[in-house]
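# Remarks on the overall topology
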Amino acid sequence: MAKRKSSTSGWLLAVLITLGLLAQAIEKYWPLVLTIGVFALIFWLGSIFRAKHQASIKYHTPRKRTRSSRRNEFASLDDSPASGTHSISPSKLSKNSEKFWVAPGANRSIQDYELGDMIYFGTGLAGNSGTIIEPSLIDPKLRINTKGADYTVRQLNYWPSYTQASPEARNAYLKWLAQGRDDPKADIGYVFLYFYGLERRALVDSFASQQAQNELAAIEHEVHRLLSVYSDNSSFYHYASSFRDWLMLRRGSLSCSVDPPALDEQSGLTLTHRYCLGKFALSKTPLPAPWAFTWLMGDPTSRLRTPAKRCPDIFRRAFLYQYNLDHGEGLKLPINKTRLKITHYPGNRDLYDTEMTSLTLEQPDVTILSSQLKKLQATANICMAQIDSYSRYIGRNPDHAEYADALVELPFLLWPPATQQPIAKLAYTLRTAGKPMATSFEKFQSLFPKWEAITRKKYQGLTQVLSEAKLGIEPDLAFGGTLPKLDAKVVLFNDDNIASHPNATPEYTAAALTIRLAVSVSAADGNIGTEEQNLLEHQLEDWMHLNLSHRRRLQAHMRWLIADPPPLRNLKKHIENLSPHARESIGEFIVDVAKADDQVTPDEVKLLEKIYKLLDLEVQGLYNKLHTTTQGPVTLRPAGNRATGHTIPPQPATTVPAKPSDELDMERIAALHVESQKVSAILSELFLETVSESEPEPEPIPSEDDEIDTRDSLLGLDAAHSDLTRKLLTRTEWSRDEIEELAVDHDMLLDGALETINEAAFDAHDMPLTEGDDPIEINQEIIEELTA
């Protein structure tokens, strides 16, 4: 007893001494003690505030993560019950999901809410991990607050869970379910919560339950429906579209049709596109033009400039036509090693360790190859060049897309069918008639949509369009013509080979000027008779040194001249300035042309006499030339009128017999070719006409949207590494063999290429693009920044 008492006394004494020393310290160092107390109080209040703030965090759209980062997040999250919940020991949770699943067509209700089907309903269903309650499980025993029924307000945590939700959030979720699950204004957290249950049923239950497997079609249909309503949310679109593709591959519901399905507005090529392109490769079937166009438009590495974006319908028509020209029946796609693969990373955090989220189909994924896409890109480049001028015009005049001013900037085959029809009908009429047709320019314009103004440049565009429709027009600026006025005459003609002869040759120019000279002389008396017209037409047929296309144009040109003959007085002024040698050259040439068929009729001689007089040349010189070259006598005047007529004496006996008219004297034609070049230069000065300077063409307005798509460069990389990076971004995970094939396709060594790409990613975002060695995961954290 004494010992115990002594021990107690010692303890009390020590306490008293300590308190005494503490009191002395406080008295002596009270400022320091006060400061430490204030800091301790601030730290304590801060910890309370942080705890309350964490409890009040609302749901927000999760960022895309790799599998490893999601596991870490899952392990760090707290699953403690929220208010209005009850705790269930993990050992008492049920793993038999069939008891909780509400099959398609069935129904469950809570209070006044008819919830419908395809949900988990009941108490105590374990999540896939077995340690928590299934997040999507609707427990009817949990309290709901009917005052919180606004599902457009965000009330759920980062990872939504019905059990962890507040009573107000539960009530809002039940209301969204009961009202059809299709209100686009609903907070995306409620959509995700419902989506978690669909994922669980497909990714887990369908591998253990035949009933669940039979429901995959209904689940796929429901996911399609949800995407049609909520695809504007990028996070939900990412998870739901990936899940949809997984379901289609799991069910084998992929199928191909003649026409490719529409591209996805966000991802471009869908699983169906990739599947069907692989089928074309396996069957060795040529790739049809519509499928080739869809591949081009949906591939992330395609380079489309402004014309393709501003005029998508016209670009499509151009591509389909050009593709058939370039590739005939279509490209034959190679069978590559990379298989078609889908890896779905679930939105439900409790399903991260599910083994069956990756599916591979034993057929090639040809979309990873750049060799075929390069061929499609080459075709696209031709088409963008074809419509570039039209695109620029529309960029400056967005309301004039259907004006003729805009259409003449396009190839004729790209015109809308309704505007093509009048021109095609005109071409048919002229082809059937077999001769040119004269009409007023104003009437001809009425065949087209509205014109804003016709300038020289637009008129040139019009003649180009007509040539593509196998039509020609006189006057034509490319053949020395002038821009016609509205009330002036134009002559239209058919020529199937007109596109092969787009410009005038020296032979044509000399012949056209000769015809013009002849028409001017013939019209000097105020009228061109029928005989003179027939004479000129027959002369055109005999000019065999001209090709058939140019002879047809000359016929139309002559009709145009006769309709409005050039005044002779203007010719006289120009002729006065010609040297005697130049006049003599013209005289010799027109005689040679007249004698090309070895025959000169009296009517031809009359016309030649008029031209010689106009040129102030001796008519006797004309007779001498005729006598020298003619293979027989020619009557210069009818026999009954000898007062003013002359005859050429009979030819000498040594003259070579005349050739049949259907045989061509090639030496004579060759001589005419040479003479044409000399005489055309002389004759052209007789008909010089100044071009009006009152029609200046507007200068093109530079525009940023005419530049090449900014997608050409990614992360500051060159084109090849940028293309490889875009291919990598189309998946979340690749095997090393698959990326090896990609690198070889881009003529690169894999390790060097990945090092270059990851260094660029580090410079831009302080993290690499790829992680791991085999498989190689794509870092989803920076995808949004890279693809923005």
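It should be noted that the structure appears before, not after, this text.
Within each chain, residues carry numbers counting from 1 in the order of the written sequence. For this predicted model, a pLDDT threshold of at least 70 governs which residues receive local features, and a threshold of 80 or more governs which side-chain atom pairs are given and counted, while totals over whole chains, interfaces and linings are taken from all residues. Hydrogens and water molecules were not included; the side-chain quantities draw on all heavy atoms of the structure.

### With respect to helix α17 (residues 456–468)
Numbering goes from the N terminus for both helices and strands, where a helix is a DSSP run of H or I of at least four residues and a strand is a run of E of at least two. Here the expected length of a helix is defined as 1.5 Å per residue gap, with one fewer gap than residues. For α17, spanning 13 residues, the distance from its first C-alpha to its last is 19 Å, which sits close to the expected 18 Å at 1.5 Å a residue. The set of residues buried in α17 consists of Lys458, Tyr459, Gly461, Leu462, Thr463, Val465, Leu466 and Ser467. In what follows, a contact means two residues having at least one pair of non-hydrogen atoms within 4.5 Å. Where the residues of α17 are buried, they touch α13 (388–396), α14 (404–407), α15 (417–433), α16 (441–445) and β6 (471–474). One or two residues past the end of α17 sits Lys470, with phi positive at roughly 65°. Partly exposed residues are those whose accessible area sits between 20% and 50% of the maximum for their type, while under 20% is buried and over 50% is exposed, using a 1.4 Å probe and protein chains only.

### Some thoughts on the sheet that holds β6
When DSSP finds two or more bridges between two strands, those strands count as paired. Taken in spatial order, the three strands line up as β5-β7-β6 in an open sheet, and their pairing is antiparallel. Two strands bound the open sheet, and with one partner strand each, they are β5 (437–440) and β6. This sheet shows a mean twist of 30° between the axes of neighbouring strands, independent of strand direction. For β5 and strand β7 (residues 489–494), the ladder comprises four bridges, and the chain directions are antiparallel. In the strand pairing of β7, Met437 is matched with Leu492. To define axes, lines are fitted to C-alpha atoms, for helices over the stretch in contact only, and angles between the resulting N-to-C directions are given on a 0 to 180 degree scale. Helix α20 (residues 548–563) rests against β5, β6 and β7 of the sheet, and its axis sits at about 160° to β7.

### Notes on the nonpolar core
Most often, soluble globular proteins have nonpolar side chains that are buried together. Residues belong to a common nonpolar core when they are buried Ala, Val, Leu, Ile, Met, Phe, Trp, Tyr or Cys residues joined through side-chain atoms within 4.5 Å. Judged by nonpolar contacts, the single largest core of 125 residues is most densely connected at Ile138, Trp176, Phe236, Phe243, Phe315, Phe319 and Phe444. Broken down by element, the residue count for this core peaks at eleven residues, all from helix α4 (residues 188–203). One finds Val491, Leu540, Leu554 and Leu561 within the second-largest nonpolar core, a separate group that totals 41 residues.

### A few points about the pattern of salt bridges
Within this document, salt bridges are pairs made up of a side-chain nitrogen of Lys or Arg and a carboxyl oxygen of Asp or Glu, the two lying within 4 Å of each other. If you walk through the whole model with that rule in mind, you get 19 salt bridges. Close ionic contact of Lys458 with Asp405 constitutes a salt bridge, the shortest N to O distance being 2.8 Å. Residue Lys458 is found in helix α17, and its partner Asp405 is found in helix α14; the two are separated by 53 residues along the sequence. Here Lys458 falls in the buried class, since its relative accessible area comes to 11%. Judged by relative accessible area, Asp405 falls into the buried class, the value being 0%. In this structure, the salt-bridge partner of Arg736 is Asp773, at a minimum N-O distance of 3.2 Å. One end of the pair, Arg736, is in helix α27 (residues 736–745); the other, Asp773, is in the loop between β9 (770–771) and β10 (776–778), and 37 residues separate them in sequence.

### Regarding the packing of aromatic side chains
Only Phe, Tyr and Trp rings take part, Trp by its six-membered ring, and two of them pair if their centres are within 6.5 Å. Stacked means planes under 30 degrees apart, edge-to-face means over 60, and tilted covers everything else. Tallying each qualifying case throughout the model produces 27 aromatic pairs. Residues Tyr162 and Tyr173 carry aromatic rings whose centres are separated by 6.2 Å and whose planes lie at 55° to one another, so their mutual orientation is tilted. Remark: Tyr173 occurs in helix α3 (residues 167–178) and Tyr162 occurs in the loop between β2 (113–116) and α3; sequence separation between them is eleven residues. Overall, Tyr173 belongs to the buried group, its relative accessible area being 2%. Relative to Phe448, the ring of Trp415 has its centre 6.1 Å away and its plane inclined at 70°; by these criteria the two rings are edge-to-face. Of this pair, Trp415 sits in the loop between α14 and α15 while Phe448 sits in the loop between α16 and α17; the two residues are 33 residues apart in sequence, bridging distant segments of the chain. Assigned by exposure class, Trp415 and Phe448 land together as buried. Over the ring of Tyr120 we find Arg200, and its NZ or CZ is 5.5 Å from the ring centre. Placement of a positive charge over a ring is assigned whenever Lys NZ or Arg CZ falls within 6 Å of the ring centre and within 35 degrees of the normal to the ring plane.

### Some thoughts on a negative patch on the surface
The residues that make up patches have over 30% relative accessible area and no salt bridge, and they are joined within 9 Å when like-charged or within 5 Å when they are Val, Leu, Ile, Met, Phe, Trp or Tyr. Surface accessibility follows the Shrake-Rupley procedure with a 1.4 Å probe radius. Residue values consider only the protein chains on display as shielding. Only four residue types enter the tally: Lys and Arg on the positive side, Asp and Glu on the negative side, with His and both chain ends excluded. By convention, the charge on Lys lies at NZ, on Arg at CZ, on Asp at CG and on Glu at CD. On the surface, Glu755, Glu759, Asp763 and Asp766 cluster together into a negatively charged patch. Along the polypeptide, Glu755 turns up in helix α28 (residues 750–765).

### Quick notes on the packing of α3 against α4
One way to put it is that α3 packs onto α4 with a least axis distance of 10 Å and a crossing angle of 75°. Considering their axes alone, α3 and α4 lie roughly perpendicular with respect to each other. From α3, Ala169, Ala172, Tyr173, Trp176 and Leu177 reach across to α4, where they touch Tyr190, Val191, Leu193 and Tyr194. Its residues assigned to classes, the contact of α3 with α4 shows nine nonpolar, no polar and no charged. Each angle is binned into one of four classes, with values under 35 degrees roughly parallel, values over 145 roughly antiparallel, values of 65 to 115 roughly perpendicular, and all other values oblique. Three residue categories are used. Nonpolar comprises Ala, Val, Leu, Ile, Met, Phe, Trp, Tyr, Cys and Pro, charged comprises Asp, Glu, Lys and Arg, and polar comprises the others, including Gly.

### Things to note about unusual backbone geometry
In this structure, Pro475 follows Glu474 across a cis peptide bond, with omega equal to 10°. In this structure, Pro475 sits in the loop between β6 and β7. One non-glycine residue, Gln111, adopts positive backbone phi at about 50°. Tracing the backbone through its elements, the reader meets Gln111 in the loop between β1 (108–110) and β2.

Functional significance is not addressed by these values, which are geometric in nature.
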